[in-house]
2 protein chains.
Amino acid sequence: MTEASASPGVSVHAEGGDYRVLVDAGLLGRLPKLLREHAPAYRYAFVSDDNVAPLHAERLVADCRSEGLNADLFDFPAGEASKTREQWSILTDAMIDAGLGRDGCVVALGGGVTTDLAGFVAATFMRGLPVVQLPTSYLAMIDASVGGKTGVDVRAGKNLVGSFHPPAVVVADPEVLETLPEAERAQGLVEAFKHGAVLDVEYLESLQEDAEALLQAAPSAASAAVLRSVQLKAEVVSEDEREGGYRQVLNFGHTIGHALEAAAGFAIGHGTSIAAGMLLEAELGERLGVTEAGTGERLRAGLETLKLPQLPQLDPELVVGYLATDKKVRSGRPRYVLLRRIGEVDPGYGWSHEAPEALVRDVLQDMDGTT
Amino acid sequence: MTEASASPGVSVHAEGGDYRVLVDAGLLGRLPKLLREHAPAYRYAFVSDDNVAPLHAERLVADCRSEGLNADLFDFPAGEASKTREQWSILTDAMIDAGLGRDGCVVALGGGVTTDLAGFVAATFMRGLPVVQLPTSYLAMIDASVGGKTGVDVRAGKNLVGSFHPPAVVVADPEVLETLPEAERAQGLVEAFKHGAVLDVEYLESLQEDAEALLQAAPSAASAAVLRSVQLKAEVVSEDEREGGYRQVLNFGHTIGHALEAAAGFAIGHGTSIAAGMLLEAELGERLGVTEAGTGERLRAGLETLKLPQLPQLDPELVVGYLATDKKVRSGRPRYVLLRRIGEVDPGYGWSHEAPEALVRDVLQDMDGTT
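Please read all numbers here as calculations on a predicted model, not as lab measurements.

A. Broad picture of the relation of the copies chain B and chain A. Taken as rigid bodies, chain B and chain A are interconverted by a rotation of 180° and an axial shift of 0.0 Å, the fit giving an RMSD of 0.0 Å. The operation mapping one copy onto its partner corresponds to a two-fold rotation axis. Within chain B, the C-alpha atom positioned nearest to the axis of rotation is that of Glu15 of chain B, 3.6 Å from it. In this assembly, 97% of the residues forming the interface of chain B have copies in chain A that are likewise at the interface, indicating an isologous arrangement.

Below, the structure written as structure tokens:
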């Protein structure tokens, strides 16, 4: 075993071949070596937004070049507004014009917008180039970079266009979390709480205890949480890569969460909306008798440690409208992942449930800003 | 075995699961049954161009509805000019607006433009819906619908954006070839000759003998040729789905052919340019001593039976320029699939060869309109 593959990490099973998610402070310091080992290519196309490019990408491209690798940087304007088919086209054309060929490799360096967008560029460039994911946010490390989901947003909703394109390797270096604003850290940690809520009650408790250190990106707490979340997510997606069944459990909080986000015109954080979605789906589950009473309150106590911003007032009817266009809609009706209790999802039918629209409406009517 | 799966056809191995290519006159008459059997879905989104829609699609959608299936028709302007990211976006948005969900299925009905474009819509719709391919041209039956390639053209070249997305099933009904203009039949049959040239000398000879019947779309000759081409192509793509190696052999004629097509501003038929590409690559192989002398002449005698239009005068320098942007470029240099003799490809390095640019230039200088 070489030094590089001895890094702490997790193996993820994917249809096109297994890949490693490496998690360790300082990993990016030996990126050229990791690229040679895990994703040998004639040329590397780094993709970063214009916040991350000067912070990290320019230095890493220079490191690669000084180690004899062909590397170029393609940047784009930071923000969710760039996660579009238009920006995907612009990046693709820039890479073609630069002469990138089928023996190239895309290197996505950034948060979830970058890993999703650059992943989709890679998935569709000459019918697919390998992609190396270098997540720089909690959200991207914990969630977006594992599992091979790529995509962009369209007018009708987020991630409605995209594909499954597992990475060649994921390199998560928690040292870069220091450059992430604290508010962004809180947003990303919501997905860690979700992993605890659906799969591991002890993990949820440890997150609640370590919340302050995690919000400060203290290296040991951050490394431990990222590694545990990646382990939990890897177990799920290794079992069900394409979301035909068990992978559904990771959608806890997301059916209502995505609808809230859309109803707010995407003016609220993803974490804020997913946190509210989890609490509302816990409430829904409790009212349906599927979820143990008190689960929502326990979840609320955990999530409060993240000091997320309040949800704005939203029209429940608008939210119900967006629920009908959710990707998880089957046979014309939205479906909800419901907990049995913290750390355990109710199997339902295909790991999700339908719910009477009147009941969903009631739950949404009762939501307030602290949900 | 049910009646439907007893149809003549070929099984193709693909990463995401094997699929059947059914070939038989009259198959489309029992499409609803075939859809239920091979691609059960809550809803079917038919995609056709505005030539094929009134000829076949409207009737088939009506058949599906009368058999109790949810089916809708999405059409687009006929022609290669529609094989763009813009048209892909328009079709995607129309399907989202119509409420198509993850339990939907795309049904591509048409020629190669439609199978490629609708296949790419399916590949990227909510990260991938199943697609049923119903090819209506020789080209689509013989080539485009088998192997899972999907994609669109961009300014810099054809098929530079796309993905591998194997179909749920392919249903090729040679009866629909009657509605195809004879000139289009000749264009598509070029790919059949290519299959003979690289894999099966006896098949090449039978195509030459039956050329007149094939150009008239005589049902028995057409069914036999489509079935043999599909068998040959299926053997290749079953062995190498992603074109890492052996699948390269199907690119015979395509490195130069695509460059000719681009240099002519896509104003010449795909078949015409691939036919010329095969003859020029045969000549290149002969001059390199890789290809048996006389191979080009033998190939020319076969292709002449198709009575293809002449190639216009093209500037060799322009063609050389387009060769450098070919998708098959590796490490910055174009590569060529070269025959050893009719029916056998020289293994070269990864089933292709480099060639000195000066020699390629010489071969292109010597081309004339009858190449």
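B. Fine view of the packing of aromatic side chains. Under the counting rule described, the total for this entry stands at 5 aromatic pairs over all chains. Ring centres of Trp88 of chain A and Trp88 of chain B lie 5.0 Å apart, and the angle between their planes is 40°; on these two criteria the pair is classed as tilted. Remark: Trp88 of chain B occurs in helix H3 (residues 85–97) and Trp88 of chain A occurs in helix H3 (residues 85–97); the pair is interchain, linking two chains. Comparing Trp88 of chain A with Trp88 of chain B, the two get one shared label, buried. Aromatic side chains Trp88 of chain B and Phe120 of chain B sit 5.2 Å apart centroid to centroid with 25° between the ring planes, which places their arrangement in the stacked category. Highlighted residues: Trp88 of chain B in helix H3 and Phe120 of chain B in helix H4 (residues 112–124), separated in sequence by 32 residues. According to the relative accessible area criterion, Trp88 of chain B is buried, its value standing at 0%. With a relative accessible area of 0%, Phe120 of chain B lands in the buried category.

C. The pairing of strand E2 (residues 19–23) of chain B, seen in detail. Residues and elements named next belong to chain B. In terms of residue burial, E2 counts as a mostly covered element, since 4 of its 5 residues are buried. Pairing of strand E1 (residues 9–12) with E2 involves 4 bridges; the strand directions are antiparallel. Bridge pairing links Gly9 to Leu22 in E2. Hairpin connection between E1 and E2: a loop of 6 residues separates the two successive antiparallel strands, and Gly17 in this loop has a positive phi of roughly 130°. Here E2 runs beside strand E9 (residues 169–172); their pairing, made up of 4 bridges, is parallel. Among the inter-strand pairings, Val21 is bridged to a residue of E9, identified as Val170.

D. Just the side chain of Lys233 of chain B, in detail. Residue and element names in this part refer to chain B. Along the polypeptide, Lys233 turns up in helix H8 (residues 219–239). A residue is classified by how much of its surface remains accessible, and Lys233, at 5% relative accessible area, is buried. Within the local environment of Lys233, its side chain forms a polar contact with the backbone oxygen of Val146, the two atoms lying 2.9 Å apart. In contact with Lys233, not counting residues within four places along its chain, are Ile142, Asp143, Val146, His195, Arg247 and Leu250.

The rules we used
- Residues numbered from 1 in each chain as written.
- Chains lettered and ligands numbered in written order.
- Predicted model: local features only at pLDDT ≥ 70, side-chain atom pairs only at ≥ 80, totals over all residues.
- Heavy atoms only, no water.
- Least-squares fit on C-alpha atoms with pLDDT ≥ 70 in both.
- Contact = heavy atoms within 4.5 Å.
- Phe/Tyr/Trp six-rings, centres within 6.5 Å; stacked < 30°, edge-to-face > 60°.
- Helix = DSSP H or I, 4+ residues; strand = E, 2+ residues; numbered from the N terminus.
- Buried < 20%, exposed > 50% of the residue type's maximum accessible area, 1.4 Å probe, protein only.
- Pairing = 2+ DSSP bridges.
- Polar contact = N/O pair within 3.5 Å; in protein donor to acceptor, adjacent residues only side chain to side chain.

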